[in-house]
There are 2 protein chains.
Amino acid sequence: MHEPFMQQAIRLAEEKLSRAEGGPFAALVVRENQVIGQGWNRVVAGNDPTAHAEIVAIRDACQQLQSFSLAGCRLYVNCEPCPMCLAAAYWAGLDAIYYGATREDAAAIGFADAHIYEELGRPLSARRLPLSQLMRAEALKAFARWDALPDKIRY
Amino acid sequence: MHEPFMQQAIRLAEEKLSRAEGGPFAALVVRENQVIGQGWNRVVAGNDPTAHAEIVAIRDACQQLQSFSLAGCRLYVNCEPCPMCLAAAYWAGLDAIYYGATREDAAAIGFADAHIYEELGRPLSARRLPLSQLMRAEALKAFARWDALPDKIRY
């Protein structure tokens, strides 16, 4: 049941690659065996570093469903997701991910994400991208206001 | 030099919270001490689980610059970024991140991301969100075609 969807994702990547629209990546969101969202890499074409295939497909499916939840859906992508896309899959509540090539395969053609996986596991003080904290007390005021809202939508 | 930008991010979060547009989060992208992008949480308002403040601000700044790179830019956000947003900051090439509240502060009002940080550090086979590989050989064909392109734009 999974191969036809993976085949479709791979074909989409190849099609977009032919048009030189960016990296060779594509993804589908499937619900009850129907494709409800698709995406391909648009980092270069769209001037958007967050426009990885998976992110674009998740956003497309959510617009289709008019929901911020993709519970009950599966993601098919021609390559193992990077940390950004994997974290997005958790926020979207996807049920499962099916992928083709590995992160090592992606690294071999110039799309390395091992350094990001490593960075995320490090304490903030040891990261290459400096993270500094300031004005925590001021920032907490908005949090307290949110927490006191009776009708907030949790997600 | 950092406090006024953080103050502006906190104020933006409070303003959007007043309009009940979603979680109490906002971010700014700053380049040469000018705000070139801003974002606030639009997960609920936009039916988009990827629309965290940082992602929205990064996309906004990139449209402003017409570039997928934010090298030379800083991100100001009223809360420590989740793994998705932190990974996006690496892909965007940001120089530094300044944040207000901590991930523990966010968890205390219902926005927990510790489980995602933990999951990313686990081997694929041990994750709660199942990841399965199939059709690697077929997927690698598009990668080989990309690798052979003479005029590809690396990012």
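The text that follows walks through the structure, step by step, so that each part is easy to find. (Residues numbered from 1 in each chain as written. Chains lettered and ligands numbered in written order. Predicted model: local features only at pLDDT ≥ 70, side-chain atom pairs only at ≥ 80, totals over all residues. Heavy atoms only, no water.)

So, about the packing of helix α2 (residues 53-65) of chain A against helix α3 (residues 83-92) of chain A. The axes of two packed helices give the description: the angle between them and the distance between them. Residues and elements named next belong to chain A. At their nearest, the axes of α2 and α3 sit 9 Å apart, and the two run at 20° to each other. Classified by the angle their axes make, α2 and α3 are roughly parallel. Considering the relative orientation of α2 and α3, their crossing is left-handed. Mapping the contact onto sequence places E54, I55 and I58 in α2 and M84, C85, A88, A89 and A92 in α3. Here the residues of the contact of α2 with α3 are counted per class, giving 7 nonpolar, no polar and 1 charged. (Axes fitted to C-alpha atoms, helices over the stretch in contact; angles between N-to-C directions. Helix = DSSP H or I, 4+ residues; strand = E, 2+ residues; numbered from the N terminus. Parallel < 35°, antiparallel > 145°, perpendicular 65-115°, else oblique. Left-handed = near helix turned anticlockwise from the far one by under 90°. Contact = heavy atoms within 4.5 Å. Nonpolar A, V, L, I, M, F, W, Y, C, P; charged D, E, K, R; others polar.)

Moving on, we get to the sheet that holds strand β1 (residues 26-31) of chain B. Taken together, the 5 strands give an open sheet; going across it, the order is β5(A)-β4(B)-β3(B)-β1(B)-β2(B), and neighbouring strands pair in mixed fashion. Pairing within the sheet leaves two strands with one partner each, and these edge strands are β5 (131-133) of chain A together with β2 (34-40) of chain B. Mean inter-strand twist for the sheet, computed between neighbouring axes without regard to direction, equals 20°. Pairing of β5(A) with strand β4 (residues 96-101) of chain B, which is carried by 3 bridges, proceeds in the parallel orientation. When the sheet's bridge partners are listed, A:L131 is paired in β4(B) with B:I97. The strands touched by helix α6 (residues 136-148) of chain A within the sheet are β5 of chain A together with β3 (73-79) and β4 of chain B, with β4(B) carrying the most contacts at an inclination of about 60°. Together, β1, β2 and β3 of chain B form the strand contacts of helix α2 (residues 53-65) of chain B, whose direction differs from that of β2(B) by roughly 140°. (Pairing = 2+ DSSP bridges.)

Attention now moves to the pairing of strand β4 (residues 96-101) of chain A. All names here are of chain A. Taking burial as the measure, the 6 residues of β4 include 6 buried ones, the bulk of the element. As paired elements, strand β3 (residues 73-79) and β4 share 5 bridges and run parallel to each other. Bridging from a neighbouring strand, V77 pairs with Y99 of β4. In this view, the connection linking β3 to its parallel neighbour β4 by way of α3 has right-handed handedness. (Buried < 20%, exposed > 50% of the residue type's maximum accessible area, 1.4 Å probe, protein only. Right-handed = clockwise from strand over helix to strand, strands pointing away.)

Nothing here speaks to function; it is all geometry.
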